[in-house]
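What follows is each chain in one-letter form.
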Amino acid sequence: MSNTKSPPQNEPANTYSAPPCCPPPTERPMNPEEAEKASRIFKALGDPVRLRLLSAIASHEDGEACVCDISDVGVSQPTVSHHLKKLKEAGLLTSQRRGTWIYYRAQPSTLTAIHQLLTTTTT
């Protein structure tokens, strides 16, 4: 397990930008597509291991982490890979292969959308 930073890469990390999942609940009712997308995100976050992985990645130095630095969550490596795949499919993570390692980064637009969905402001 390595804690050393990899050298800067010439190409940027995967910059997939997920559109916001849905409006804040006080703005308007969700349409079926928005509800489906929000449901996929919350389903992905409904597992404690996935929450730990997302937190480890988002709070890691520079907001990205090598899979080698985040795999100590109490489950086997194949299970970690499965959970990371589910987080990527839900639009919560992006990844980039560097040599033999894969680096993960939290998707800011999706995290912002979750925050907006859960934050209710009343005036």
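Provided above is the structure to which this section pertains.
The structure reproduced in this document is the subject of the present report. On a predicted model such as this, the values are computed, not experimentally measured, just so you know.

Of the regular secondary structure elements, the protein holds five helices and three strands. Across the protein, helices and strands are ordered from the amino to the carboxyl terminus as α-α-β-α-α-β-β-α. For the protein, the residues scored as buried account for 37% of the 123 residues in total. Within the protein, counting contacts between residues at least 6 apart in sequence, those at least 24 apart form 61% of the total. Carbon together with sulfur atoms contributes 55% to the accessible area of the protein, which is approximately 7,700 Å² in total.

Let us now look at the packing of helix H1 (residues 32-45) against helix H5 (residues 108-118). Contact geometry for H1 and H5: axes closest at 12 Å, N-to-C directions at 100°. Our classification of the angle between H1 and H5 gives roughly perpendicular. Taking contact as the criterion, the partners of Ala38, Ile41, Phe42 and Leu45 in H1 are, on H5, Thr110, Ile114, Leu117 and Leu118. The residue makeup of the contact of H1 with H5, split by class, is seven nonpolar, one polar and no charged.

Criteria and cut-off values
Residues numbered from 1 in each chain as written. Predicted model: local features only at pLDDT ≥ 70, side-chain atom pairs only at ≥ 80, totals over all residues. Heavy atoms only, no water. Helix = DSSP H or I, 4+ residues; strand = E, 2+ residues; numbered from the N terminus. Buried < 20%, exposed > 50% of the residue type's maximum accessible area, 1.4 Å probe, protein only. Contact = heavy atoms within 4.5 Å. Areas by Shrake-Rupley, 256 points an atom, 1.4 Å probe, with all protein chains shown as cover. Axes fitted to C-alpha atoms, helices over the stretch in contact; angles between N-to-C directions. Parallel < 35°, antiparallel > 145°, perpendicular 65-115°, else oblique. Nonpolar A, V, L, I, M, F, W, Y, C, P; charged D, E, K, R; others polar.

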